[in-house]
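Survey of secondary and tertiary structure
Read off the chains here:
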Amino acid sequence: EAQVTQNPRYLITVTGKKLTVTCSQNMNHEYMSWYRQDPGLGLRQIYYSMNVEVTDKGDVPEGYKVSRKEKRNFPLILESPSPNQTSLYFCASRLSTSSTDTQYFGPGTRLTVL
Amino acid sequence: AQKITQTQPGMFVQEKEAVTLDCTYDTSDPSYGLFWYKQPSSGEMIFLIYQGSYDQQNATEGRYSLNFQKARKSANLVISASQLGDSAMYFCAMRYFSGAGSYQLTFGKGTKLSVIP
């Protein structure tokens, strides 16, 4: 089954404790990205990657890191999480950077930083 | 600047009635795409429908149709014969060509639809 998977689905952590949210897709998609969703703000892009070893900042990159060492995986790293990073996070992928490709989303990771 | 506006934070509709969710957009890019996603209470994002800026006809997918009015820069989602399972948050999104050489997606703030039995 074609899908985007994220782990963990739910995470409660404390300020300053490094964490990684994994994202994997099995559709051989070139393009992957991370969003955060906050009430009243919709989805905002954190980082995106057009291909292996090619990443770039989205609209709200501060406090986050990403890497794309292989095509299927695009982990999101919070080196020192803070309470303002409490949010619902989505990983997404699409075949390429073409305008007509549909973007597929993972199930979401609900993160709480105390 | 690329922008999507959804002016209805919440809406109610009677079961079996049709409902229109509003979406307006702003872009200077002549080639763009418009998407609607559904987010039920379980949280996942479900793709509903797509309209390209050069498409001559309005997109339809089952009970979903997109009322695309290019001159008005609007891309409203119409859901016919509402069902209880349609209760969810709905997001309008626009794909535009970014200066970094790729197409990016920007989202509206969403409309929460509640279907009343």
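Relevant structure appears above.
A short tour of the structure in this document, coming up. On a predicted model such as this, the values are computed, not experimentally measured, just so you know.

Calculation criteria
Residues numbered from 1 in each chain as written. Chains lettered and ligands numbered in written order. Predicted model: local features only at pLDDT ≥ 70, side-chain atom pairs only at ≥ 80, totals over all residues. Heavy atoms only, no water. Core = buried A, V, L, I, M, F, W, Y, C linked by side-chain atoms within 4.5 Å. Buried < 20%, exposed > 50% of the residue type's maximum accessible area, 1.4 Å probe, protein only. Helix = DSSP H or I, 4+ residues; strand = E, 2+ residues; numbered from the N terminus. Contact = heavy atoms within 4.5 Å. Disulfide = S-S within 2.5 Å. Buried area = accessible area lost by both parts, 1.4 Å probe. Salt bridge = Lys/Arg side-chain N within 4 Å of Asp/Glu carboxyl O. Polar contact = N/O pair within 3.5 Å; in protein donor to acceptor, adjacent residues only side chain to side chain. Nonpolar A, V, L, I, M, F, W, Y, C, P; charged D, E, K, R; others polar.

Describing the nonpolar core
Judged by nonpolar contacts, the single largest core of 25 residues is most densely connected at L21(B), L34(B), W36(B), I49(B), L77(B), Y90(B) and L113(B). Those elements that place two or more of their residues in this core are β2 (10-14), β3 (19-21), β5 (33-39), β6 (46-52), β8 (64-69), β9 (74-79), β10 (88-97) and β12 (111-116) of chain B. In terms of residue count, β10(B) provides more of this core than any other element does, four residues in total. Setting aside its immediate chain neighbours within four residues, Y90(B) contacts Q6(B), L21(B), W36(B), Y37(B), K38(B), L48(B), L77(B), I79(B), G110(B), T111(B) and L113(B). One finds V4(A), I46(A), L76(A) and C91(A) within the second-largest nonpolar core, a separate group that totals 19 residues.

What to know about the state of the cysteines
Two cysteines, two sulfur atoms, one covalent bond between them: this is a disulfide. Residues and elements named next belong to chain B. Across all of its chains, the model carries two disulfides over all chains by this definition. Residue pairing for C23: its cysteine sulfur links by disulfide to C92, the two sulfurs lying 2.0 Å apart. Handedness of the C23-C92 disulfide follows from its S-S torsion of about -65°: it is left-handed. Separated by 69 residues along the polypeptide, C23 in the loop between β3 and β4 (24-26) and C92 in strand β10 bring together distant segments of the chain. Summarising the burial analysis for this pair, C23 and C92 share the class buried.

A word on the interface of chain A and chain B
Across the contact, 24 residues belong to chain A and 22 residues belong to chain B. For the pair chain A and chain B, the two sides together bury roughly 1,800 Å², of which 51% comes from carbon and sulfur. Connecting chain A to chain B are zero salt bridges. Counting across the interface, chain A meets chain B through four residue pairs in polar contact (both at pLDDT 80 or more). Put simply, the parts of the chain that give the side of chain A that touches chain B at least two residues each are β4 (31-38), β5 (42-51) and β9 (87-94) of chain A. Per element, the largest residue contribution to the side of chain A that touches chain B is five residues, and it comes from β5(A). When grouped by side-chain class, the residues that make up the side of chain A that touches chain B number 10 nonpolar, 10 polar and four charged.

By themselves these figures say nothing about function.
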